[in-house]
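Chain by chain, the residues:
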Amino acid sequence: MSHRQTNLLDSLSAELSQRVKDHVDKVLLEIIRPNFGSQFAQGAPELTGFREAIAQSDSKDDVDFLRCFREFIPITNYEPYRPFVAKFLTSPCMEADVKNMFAPGLPYFLAMTSMTSRNAPKLIPKYRPPPHLFQQLSYQGYSPSEGTTLAPSSLKHWQVLKIDCEDGQSSKEMAVCSTSIGILRMGMNWDLEHDKDRLDLWVPGKTDPFAISLVKNYRTLFILNALFALADCRVTTIRFLFANVFVIFLQYVEDEWPLLVECIEKGIIPDVEDLGDLRAPLERHLTPNPVRAAELREIGPPVIQGWAVRVWPDLKQFVGITGGQAAFSVPKIIHLLGPSVTIKSHGYGTAECGLARVYHEGNPNTDFKLTFRDGVVEFLDVRSNEPSDRVLSSWELVTGGDYEPVVTTHNGLWRYRIADVITVKGFAPDDGLPIINYLHRRDDSLGVTFGASCTESQLMDAIVSAAQQSIGQIVAFTIVLDDRDKPVTYGYLVELAGELRQDARTATRQIFENLISASDDYRLVVWQGKSRRPTIRIVDKGTFAEYHRQKCEQMNIAVGHVKVPVVTFDPAMKEWFLERVIMEL
């Protein structure tokens, strides 16, 4: 699929550089002035130097305030914030104890970082943004368009916190949930207390009634979303957080096709698990539609090329993350969507901060334009030999350079490390903002565990190449420490989408050669006898769909919040995957 391309700038003119600097300074002041009064900014030991510098300067002078920030705010990770966040989890939790903790007022919700098999989620308080930012569509729970949008959303929360108000009489509930759920609730003003009052709600432009978002069962959520989406021929947009979750969704559609079509014909809700009192409002929304059922029977389940545009003739775009593990799903998605449907990403961000939006003048899957909606982004040069805490501003970046973003946010993070690596593709000619591509996580523990520091993107590229050359199409993979022999090595666990190719046993050699070529460090440790050729084991079909389901139900989190880790460190999860191995290449 071709993409519009624009000529990016390799470097900034003095005029554009100053324009970017002025914009950054303005946004930064809007963030740090109000947040300087927070409990964290006034109490965290890490900000002592900044507080002392402000006390000795003219705090009302913007130039002085910015100078103090850039000279005295250190790089931070989650640890300084942890004891302050913990105050929200105490019982009883008094409003006076947590008010103005990181930013003025109380958070609207606590966002969870994405779940992997390795770590418990970090909790990031999220405050209602300033009015001028709240009006931006990216903050709203739903972006209107022509037709309807298939975008399964679960309002599942990990837990609900109770905060006793200062009046001594009332209390407030605060959800601990994914960023997407919290922003949806905030954008639509859907508080927790009145969810049951909204059971008959159906937001215009959505394929799914509100009641479906309260479904807790993984399978039931997908089947009901499929039912109402198939009944609606007006779909123009399909939106999933991760593209591979859309493939899992389609597998449920294929498995339950006769049932779904019959329910559309008769206007009935299927007998699915854990529906409870949500059945009645959903039944009121579904009416018999034998004409639509006949159309669907003629088309058949999601197998043929261009299936989606036959089911939804007005379908224009698919929005979802197609990088990382989701990249393996792209060939199947392209096959089922057909060539007329545009595929693009949501943008680039984390639970801590939205960093960049899709750059439509480039590749909408990989090119992102830095934005200052959630906060100011600065950078660490990952290739530099200078001290690792030297912070670069966006106008100091170099095309082709690799950097780790650090963010200072409206929600009260101060030069917080994101632990990603991005590369700068160039600068937008209209406003000078950097155009970036995401590369991989910055994780030093890979080298400690495996004795070689290949990056996640190098490990990913190696299996992608092997799949194309010899293995065949892959659903997903993860890597575990293969310590069955010495020295230890990378142990790939792979689920196939189809049949294994005849020359698949050459894949281990191909991965080995790919990593040797990509990583000088890996080549050195192999030469030193500290690592050996990676191994590849095939797991049973459905393994990674079951992984998603179990994570959602065990942790009581939404489906879009589960990421399959490139590397699985947790021993119990490693054992779970190994129990599903059916052969080794």
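Residues numbered from 1 in each chain as written. Predicted model: local features only at pLDDT ≥ 70, side-chain atom pairs only at ≥ 80, totals over all residues. Heavy atoms only, no water.

A.B. asks: Help me understand the packing of aromatic side chains, please; the structure alone is not making it clear to me.
C.D. replies: The description of two aromatic rings rests on the distance between their centres and on the angle between their planes. Per the stated rule, a full pass over the model turns up 34 aromatic pairs. Pairing Phe40 with Phe102 gives two aromatic rings, centres 5.7 Å apart and planes at 40°, and the pair type is tilted. Note that Phe40 is positioned in helix α2 (residues 39–43) and Phe102 in the loop between α6 (95–98) and β2 (109–112), a separation of 62 residues in sequence. Relative accessible area serves as the criterion here: at 0%, Phe40 is assigned to the buried category. Aromatic side chains Trp257 and Trp307 sit 6.2 Å apart centroid to centroid with 70° between the ring planes, which places their arrangement in the edge-to-face category. (Phe/Tyr/Trp six-rings, centres within 6.5 Å; stacked < 30°, edge-to-face > 60°. Helix = DSSP H or I, 4+ residues; strand = E, 2+ residues; numbered from the N terminus. Buried < 20%, exposed > 50% of the residue type's maximum accessible area, 1.4 Å probe, protein only.)

A.B. asks: Would you mind going over the pairing of strand β6 (residues 171–178) with me for this structure?
C.D. replies: For β2 and β6, the ladder comprises 4 bridges, and the chain directions are parallel. Its bridge partner lying in β6, Ala111 is registered against Cys177. Judged from the 6 bridges that link them, strand β5 (residues 159–164) and β6 form a sheet pairing that is antiparallel. Across the sheet, Gln159 pairs through a bridge with Val176, a residue of β6. (Pairing = 2+ DSSP bridges.)

A.B. asks: When you look at the state of the cysteines in this model, what are you seeing that I'm missing?
C.D. replies: By definition, a disulfide is the covalent link that joins the sulfur atoms of two cysteine residues. Enumeration over the complete set of coordinates arrives at 0 disulfides. Between Cys93, a free cysteine, and Cys165, which holds the nearest cysteine sulfur, the sulfur-to-sulfur gap is 10 Å. (Disulfide = S-S within 2.5 Å.)

A.B. asks: What is the right way to look at the sheet that holds strand β9 (residues 342–344) in this model?
C.D. replies: In sheet architecture, strand pairing relies on hydrogen bonds along the backbone and comes in two forms, parallel and antiparallel. Reading across the sheet, the 4 strands line up as β4-β7-β8-β9 and stay open at both edges, with parallel pairing between neighbours. Pairing within the sheet leaves two strands with one partner each, and these edge strands are β4 (148–150) and β9. Ignoring which end each strand starts from, the neighbouring axes of this sheet average 20° apart. Along the sheet, helix α10 (residues 243–255) makes contact with β4, β7 (235–242) and β8 (317–321), crossing β7 at roughly 115°. (Axes fitted to C-alpha atoms, helices over the stretch in contact; angles between N-to-C directions. Contact = heavy atoms within 4.5 Å.)

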